[in-house]
Number of protein chains: 4
Amino acid sequence: MIITLKSNQNTPKRESLISWLKSQGMRVEISEGEHQTILGLIGDTSKIDTDLICSVDIVESVSRVSEPFKKASRKFHPDNTVVKVGSTRIGNGHFAVMAGPCSVENEAQVLTIARAVKAAGASLFRGGAYKPRTSPYAFQGLGKEGIDLLIKAKKETGMPIVTEIMDAAHLRFFDDVDMLQIGARNMQNFELLKQVAKVNKPVLLKRGMNSSIEEWLMSAEYLMSEGNPNVVLCERGIRTTDSKYTRNTLDLSAIPVVGKLSHLPIIVDPSHATGRRDLVESMSLGAIAVGSNGLQIEVHNQPEKALCDGAQSLAPEQFASLMTKARTFIQATGRELN
Amino acid sequence: MIITLKSNQNTPKRESLISWLKSQGMRVEISEGEHQTILGLIGDTSKIDTDLICSVDIVESVSRVSEPFKKASRKFHPDNTVVKVGSTRIGNGHFAVMAGPCSVENEAQVLTIARAVKAAGASLFRGGAYKPRTSPYAFQGLGKEGIDLLIKAKKETGMPIVTEIMDAAHLRFFDDVDMLQIGARNMQNFELLKQVAKVNKPVLLKRGMNSSIEEWLMSAEYLMSEGNPNVVLCERGIRTTDSKYTRNTLDLSAIPVVGKLSHLPIIVDPSHATGRRDLVESMSLGAIAVGSNGLQIEVHNQPEKALCDGAQSLAPEQFASLMTKARTFIQATGRELN
Amino acid sequence: MIITLKSNQNTPKRESLISWLKSQGMRVEISEGEHQTILGLIGDTSKIDTDLICSVDIVESVSRVSEPFKKASRKFHPDNTVVKVGSTRIGNGHFAVMAGPCSVENEAQVLTIARAVKAAGASLFRGGAYKPRTSPYAFQGLGKEGIDLLIKAKKETGMPIVTEIMDAAHLRFFDDVDMLQIGARNMQNFELLKQVAKVNKPVLLKRGMNSSIEEWLMSAEYLMSEGNPNVVLCERGIRTTDSKYTRNTLDLSAIPVVGKLSHLPIIVDPSHATGRRDLVESMSLGAIAVGSNGLQIEVHNQPEKALCDGAQSLAPEQFASLMTKARTFIQATGRELN
Amino acid sequence: MIITLKSNQNTPKRESLISWLKSQGMRVEISEGEHQTILGLIGDTSKIDTDLICSVDIVESVSRVSEPFKKASRKFHPDNTVVKVGSTRIGNGHFAVMAGPCSVENEAQVLTIARAVKAAGASLFRGGAYKPRTSPYAFQGLGKEGIDLLIKAKKETGMPIVTEIMDAAHLRFFDDVDMLQIGARNMQNFELLKQVAKVNKPVLLKRGMNSSIEEWLMSAEYLMSEGNPNVVLCERGIRTTDSKYTRNTLDLSAIPVVGKLSHLPIIVDPSHATGRRDLVESMSLGAIAVGSNGLQIEVHNQPEKALCDGAQSLAPEQFASLMTKARTFIQATGRELN
């Protein structure tokens, strides 16, 4: 961490700042400049609050040299993490596809789609039981009943299931769920992160639609610092100044960037990112090419009747066709489909 | 709502769409164009899911003519709403200043600041007991103990208190809190909104740092549709592509825009928006000039020692000086300071 | 085009608006709603100014159903355009790689890099002679002398050359340049577009770093409406709210989106988008996977000594390694490398 | 400037970097850290290219401590600059209002509006002769003929005139224009900046709609480094992720931010920023409250018939009403209307 002091510094205040920094376990290197003084902090700065230091009136600016995340950082954990969900592995060359409907609607729908995506090569089944909707008047999901339907699909097909949790008070309904999803709108719902971390299940952490990569990794750090190392990241599009043709902008460069910063596996959700069925295949292949460890794809047996987000769902035959092309790309990049 | 159909529409599918729309209580006006057909929907469209209609394959696009919010809309409630917090009124010419520390730290701090901001003219006391922090290693607030300290300040000064709630499970600690704050990161934590709405207290709803005005009003609609009409909106800066000199960009045009769309009172938080103490006064005066119904200002007796966000806190004498200038502007615009 | 009128419309004003619209060659369909009236415009609306109509006080909103670009639109030109630069073809399955230094520095540098990129498989040579720099104190390029060096490289290697033009007054120096590049900062320099269009050379039109896809295609329309059909689009990253780890955010979904809207070829520049040498290979492969028709890659023989943008330049051996992987992906997607 | 070196640095490379930095006139302070080495550069770093240093492979990051602009900086020029346009002063307490139509259309229109805005208190007349339009099919302005009409208005009313220049080749038509406007889309048209600077006239430099404050001041630096000190900055709204209710987002906090960084006067254009006539008054008062040195307001005698941007133009009586309120605010903040 580097602290730049304003030119007209007052000696007692500077001494007091330096003493405080040392009391926090830092070694402090001082460089006197023509217009300002620079303090270089050496030691574990991840617990130092930059805002606090900024507030000292002799300080001009503070910049971090090392990242504020530790458990998620590749620096302290160079090997790729592999997260196991049931028998499916994600990360370090293991590629996983999770597919299913945006919203669970009824038993026939769930079982039909589950069989279809399994046949096409998905290894995890995803479906929404609790749905975060912008409008209070929109369908809010079947809740516990929806989870029960997902469990039926799991029993019949053997696929582990992934579904979103929006409130820690619902955790008691998630006993038979294999992977808990934290949605984009809850990425910084820190109370939810803390409580979900305590349950010993893999977590799929979606990137907030306007979260920075650093904030996203800090939210992973919340999960990991509470004792849960099984975190998979999911890029699902960010909000930019152009939203005429796609709902969000899929940030594919986040995949190699996160791969350099962190050892955690990262997958891509092209369905929510684009909001357009006709772009899902292209962006899925792009995701594989840039190094994603998996995909999350919306599939619906009757996309035009889906209760939410139907515009982005693939029909089962479109999904099967995508899987055929995806296999070629996964192999071409030396990875293995679960 | 206007639905544009693709040029090559298939008659049975179109008939089926129109029947479904009518079954939802809509009147449907059909305009045949050279390249497409346009359906005009007449009736209460606030419960129609545009995503669902988009997903029908003969549909090219859907656009709303009326806003999707109803209870928050000025169309159905032309008069300005006045929200009462204790004896303080907010809205319709009543201007309220809420001030206090970002984080509650200890009794001496809380009481000192409370007395100072009351003396300077604040009518509500705000302080953080539960703090949403990007890093799990940063100070997370004193929790229940912090609320108890706020209640002491209320008893001593008579000022109603405002503090943030992050988890509905904490609601039992908020009995003596006068106004519940929903923070920017939880603006779309819909489960929290639903449960907070059920408690019969005024709510201060901060705008998410990348939420659209429409999403913000839809979150207000969540609170109102659960039966709570006492909602005050708070603009606190949005994230833009330039964050070198200010933490976020204070969107002051949101004040008159919301004033035209909604009858709810709206206030401004220049402290979090700018993150800079030296900009708080200018932006407070700007907020008054554009029509804000109040201000939320961070004040700390020792800004350089604040446990969080100190860089943006005013010292009590700076706050008093701001209040003097604010009074002139409030009067000049024909409003009344509580 | 759909015009929504406010509820309380005044009959003579409405009549006058409808007459004016008809005088512009439009057919007007009227739908009377409960709260407003909707006018559907049928005919060629590309020359109708939506701003003008918005300004009429009885109008609530105007929305386009068809796109405002015509010559660039796939609707009126369904087949993919192929642009020829010298003997290199770009578009419709023809994939082209243009490579070279950000800035032309001296003859040895230019010739060394040109030979290296040709040997590795590039078919076009790019280099900057006129450089747009944020700072007036930064190196502004060699200008005409730089173009002369590029021409030497062309004579020696046979590769056509691509270089940026910043001022129409320089056009007289570009006689032997094969393709004129319009940079991101000049994408809406309409006077430059008009004058460059008049020279009968292929144009590479970079997307502005905060331009929408529609604005970009409208700038292509400027070139085409002046009589130049040989336009290649180049995605080079957009500015978003997160710029900590990459300079801009490469918008790869723009590739299939533009492919559906327009018949023009589109290529990708991963060097400027990311600003990071270590991300260029991943993002190049991603670009091929999503359907790009080519790549523009910065290559420098001594990247650490480049006079500008060196942090993003590949060394020749890195470029050769990228080309090997790129070939596999280009073939896997059924395209042909020039 | 602070340069952070990667942990595993190679001694000869480091020596060579330090020597080069010294050869550029820098003093270099070295701090050895546990994981990295930090170089503090002392001296005039405004001509050092950070990109160049970033490209050296032993470098992890480079951050500037002082700003890259010099002539525009308040550090080296503490007093407020006053720019004179004819007899009108802008800056240091002198407040100027420039008003007029977006596009010059004909003599009657120009003279009618000019007389009206002068009567209401405007001190400068603005009108567009050359118009940057997104579409090649939209009205492009009257060009030279438009300038002649502005000059007529100047002769009749005595108000100095301000109009946009889009191409340096047109400069010969601007002899009798008092202030040259550089539009948002040309803020980084560096060739135009260089050539406009050479003409000895005040320049109004609009902020690009997605330019950072630093880039904007660097464009001012282009003008100043070519010898023109008479630069007035104009904030006109930036592009953000929400554009449903306003065309752009007026960044009013830029006013005090620029006021701290630079001595140059800064004004606000609420008409283009919001694109809505009904928001112009609120945002004008907000601009005065935050410290703007002036306003640029669109006024049209028949706003509903304006050839462009009519939706944001005020009618003369609306402008007169705004001026009455503005006077009160200008006086309340101790400034003087020209």
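One can find the structure itself at the top, above this paragraph.
Structural notes, computed from the coordinates. Keep in mind that what you see is a predicted model, and the values were worked out from it rather than measured. (Residues numbered from 1 in each chain as written. Chains lettered and ligands numbered in written order. Predicted model: local features only at pLDDT ≥ 70, side-chain atom pairs only at ≥ 80, totals over all residues. Heavy atoms only, no water.)

Once that is clear, we can look at the overall build of chain A. The secondary structure content of chain A amounts to 10 helices and 15 strands. In terms of overall dimensions, chain A has a C-alpha envelope of 75 × 45 × 40 Å along the principal axes. Relative to its full complement of 338 residues, chain A shows a buried share of 64%. (Helix = DSSP H or I, 4+ residues; strand = E, 2+ residues; numbered from the N terminus. Buried < 20%, exposed > 50% of the residue type's maximum accessible area, 1.4 Å probe, protein only.)

What follows concerns the pairing of strand E7 (residues 94–100) of chain B. All names here are of chain B. For E7, the buried fraction is high: 6 of the 7 residues fall into the buried class. Of the pairings in the sheet, the one linking E7 to strand E15 (residues 336–337) comprises 2 bridges and is parallel in character. Paired with Phe95 across the bridge in E15 is Leu337. Both E7 and strand E14 (residues 294–298) contribute to a ladder of 5 bridges, which runs parallel. By the bridge assignment, Met98 is partnered in E14 with Gln296. In terms of strand pairing, E7 meets strand E8 (residues 124–126) through 2 bridges, oriented parallel. Bridge assignment links Ala99 to a residue of E8, and that residue is Phe125. (Pairing = 2+ DSSP bridges.)

What follows is about helix H3 (residues 107–120) of chain D. All names here are of chain D. With 14 residues, H3 ought to run about 20 Å at 1.5 Å a step, and its terminal C-alpha atoms sit 20 Å apart, in line with that. Taken together, the buried positions of H3 are Gln109, Val110, Leu111, Ile113, Ala114, Val117 and Ala120. Its side-chain oxygen placed 3.2 Å from the backbone nitrogen of Ala108, Asn106 serves as the N-cap of H3. Gly121 lies just past H3 and shows a positive phi near 120°. (Expected span 1.5 Å × (residues − 1). Polar contact = N/O pair within 3.5 Å; in protein donor to acceptor, adjacent residues only side chain to side chain.)

Here the focus is the pairing of strand E9 (residues 161–164) of chain D. Along any regular strand the residues' side chains alternate between the sheet's two faces. Residues and elements named next belong to chain D. With burial as the criterion, each face of E9 is covered, one bearing Ile161 and Thr163 and the other bearing Val162 and Glu164. Here strand E8 (residues 124–126) runs beside E9; their pairing, made up of 2 bridges, is parallel. From the neighbouring strand, Phe125 faces E9, where its bridge partner is Ile161. You can see the chain leave E8, run along helix H4 (residues 144–157) and come back into E9, and the turn it takes is right-handed. Two elements, E9 and strand E10 (residues 179–182), share 3 bridges in a ladder whose sense is parallel. Paired with Glu164 across the two strands is Gln181, which belongs to E10. (Right-handed = clockwise from strand over helix to strand, strands pointing away.)

For the rest of this paragraph, the subject is the relation of the copies chain A and chain B. By a simple turn and slide, chain A fits onto chain B: the slide is 0.0 Å along the axis, the RMSD is 0.0 Å, and the turn is 180°. The two molecules are tied by a two-fold rotation axis, judged by turn and shift. The rotation axis passes nearest to the C-alpha of Asn210(A) in chain A, at a distance of 3.2 Å. Counting the interface residues of chain A, we find that 100% of their copies in chain B are interface residues as well, pointing to one common contact surface. (Least-squares fit on C-alpha atoms with pLDDT ≥ 70 in both. Contact = heavy atoms within 4.5 Å.)

In this section: the packing of aromatic side chains. As enumerated under the stated definition, the model contains 10 aromatic pairs over all chains in all. Between Phe190(B) and Tyr222(B), the ring centres sit 4.6 Å apart and the planes meet at 20°, which makes this aromatic pair stacked. You can see Phe190(B) sitting in helix H5 (residues 190–198) and its partner Tyr222(B) sitting in helix H6 (residues 213–225), a full 32 residues away along the chain. Look at Phe190(B) and you get buried, because its relative accessible area is 1%. For Tyr222(B), a relative accessible area of 1% translates into the label buried. Judged by centre distance (6.1 Å) and plane angle (20°), the rings of Tyr130(D) and Phe174(D) are stacked. In this pair, Tyr130(D) sits in the loop between E8 and H4 while Phe174(D) sits in the loop between E9 and E10, placing the two residues 44 residues apart along the sequence. Each member of the pair, Tyr130(D) as well as Phe174(D), is classed as buried. Sitting above the plane of the Phe76(A) ring, Lys70(A) keeps its charged end 4.8 Å from the centroid. (Phe/Tyr/Trp six-rings, centres within 6.5 Å; stacked < 30°, edge-to-face > 60°. Lys NZ or Arg CZ within 6 Å of the ring centre and 35° of its normal.)

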